[in-house]
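Remarks on the overall topology
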Amino acid sequence: QVQLVESGGGLVQAGGSLRLSCAASGRTFSSYVMGWFRQAPGKEREFVAGISRSGGIRYYSDSVKGRFTISRDNAKITVYLQMNSLKPEDTADYYCAADRLLTPQEMAAPSRVRYMDYWGKGTLVTVSA
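Reading guide: rules and limits
Counting starts from 1 at the beginning of each chain's written sequence and moves along it residue by residue. Thresholds applied to this predicted model are a pLDDT of at least 70 for local features of residues and 80 or more for the giving and counting of side-chain atom pairs; totals over whole chains, interfaces and linings are not thresholded and use all residues. Where side-chain values are given, they derive from all heavy atoms of the structure, hydrogens and water being excluded. For Phe, Tyr and Trp, where Trp contributes only its six-membered ring, two rings pair if their centres lie within 6.5 Å, and the inter-plane angle classes them as stacked under 30 degrees, edge-to-face over 60, or tilted in between. Per the convention used, a helix needs a DSSP run of H or I reaching at least four residues, while a strand needs a run of E reaching at least two, with both numbered from the N terminus. Relative accessibility under 20% of the residue-type maximum defines a buried residue, over 50% an exposed one, and the middle range a partly exposed one, all with a 1.4 Å probe and only protein chains included. Criterion for a charge above a ring: Arg CZ or Lys NZ at most 6 Å from the ring centre, at most 35 degrees from the ring normal. Any two strands with at least two DSSP-identified bridges between them are counted as paired. Note on geometry: axes are C-alpha line fits, over the in-contact stretch for helices, and angles between N-to-C directions span 0 to 180 degrees.

1. Section: the packing of aromatic side chains
According to the stated counting rule, one finds five aromatic pairs in the structure shown. Here the aromatic rings of Tyr32 and Tyr118 are separated by 5.9 Å at their centres, their planes lie at 70°, and the arrangement is edge-to-face. One end of the pair, Tyr32, is in the loop between β3 (18-24) and β4 (33-39); the other, Tyr118, is in strand β10 (residues 118-119), with 86 residues separating them in the sequence. Accessibility assignment for this pair places Tyr32 and Tyr118 in one class, buried. Summarising the aromatic geometry, the rings of Tyr95 and Trp119 are spaced 6.4 Å apart at their centres and angled 90° between planes, so their arrangement reads as edge-to-face. Of this pair, Tyr95 sits in strand β9 (residues 92-99) while Trp119 is found in strand β10, placing the two residues 24 residues apart along the sequence. Members of the aromatic cluster, connected to one another through ring pairs, are Phe37, Phe47, Tyr59, Tyr95 and Trp119. For Arg45, the ring lying beneath its charged end belongs to Tyr95, and the centroid distance is 3.7 Å.

Below you can see the structure in the form of structure tokens.
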């Protein structure tokens, strides 16, 4: 069993930055591929970024590539999402997810979203124009 708790969301102006954290419980954190997803009002939950168990492979959606960076610290059992050059269209609830089997690239498939092993409860990011 893995519990995920996101933090770091808030209100920021366009062009600003935020750093999200996802703290995990359990001693098997390093066994999981981790991902960040987001869901805007009235829209489907979508993939943002994924990172392999060791952190050596990272994968991003086209909409955030070059602006967001995913990282993990297995000693601190935490995964991060550094978000720079934020845009109003980045406004959403951001969720952390863990999966034992999928690769970061496989996490990006819309059909896979519902099959993540564990989800956090989300943190709200609001970007004002």
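2. Thoughts on the sheet that holds β3
Two modes of strand pairing occur in sheets, parallel and antiparallel, and in both the strands are linked by backbone hydrogen bonds. With respect to topology, four strands assemble into an open sheet ordered β1-β3-β8-β7, the strand pairing being antiparallel. One side of each edge strand has no neighbouring strand; the edge strands of this open sheet are β1 (4-7) and β7 (68-73). Each strand axis lies, on average, 15° off the axis of its neighbour in the sheet, ignoring direction. Here β1 runs beside β3; their pairing, made up of four bridges, is antiparallel.

3. Thoughts on unusual backbone geometry
In the Ramachandran plot, Ile77 falls in the positive-phi region, its phi being about 45° despite a non-glycine side chain. Mapped onto the elements of the fold, Ile77 is located in the loop between β7 and β8 (78-83). The backbone phi angle of Ser85 is positive, close to 50°, even though this residue is not glycine. Given the relative accessible area of 41%, Ser85 is considered partly exposed.

4. Brief notes about the pairing of β8
Along β8, five of the six residues are buried, which leaves the element largely enclosed by surrounding structure. Hairpin connection, β7 to β8: the antiparallel pair is bridged by four residues, and Ile77 has positive phi, about 45°.

5. What about the environment of Cys22?
By the secondary structure assignment, Cys22 is in strand β3. Separated by 75 residues in the primary sequence, Cys22 and Ala97 have C-alpha atoms spaced 9.0 Å apart.

Honestly, it's all geometry; don't read function into it.
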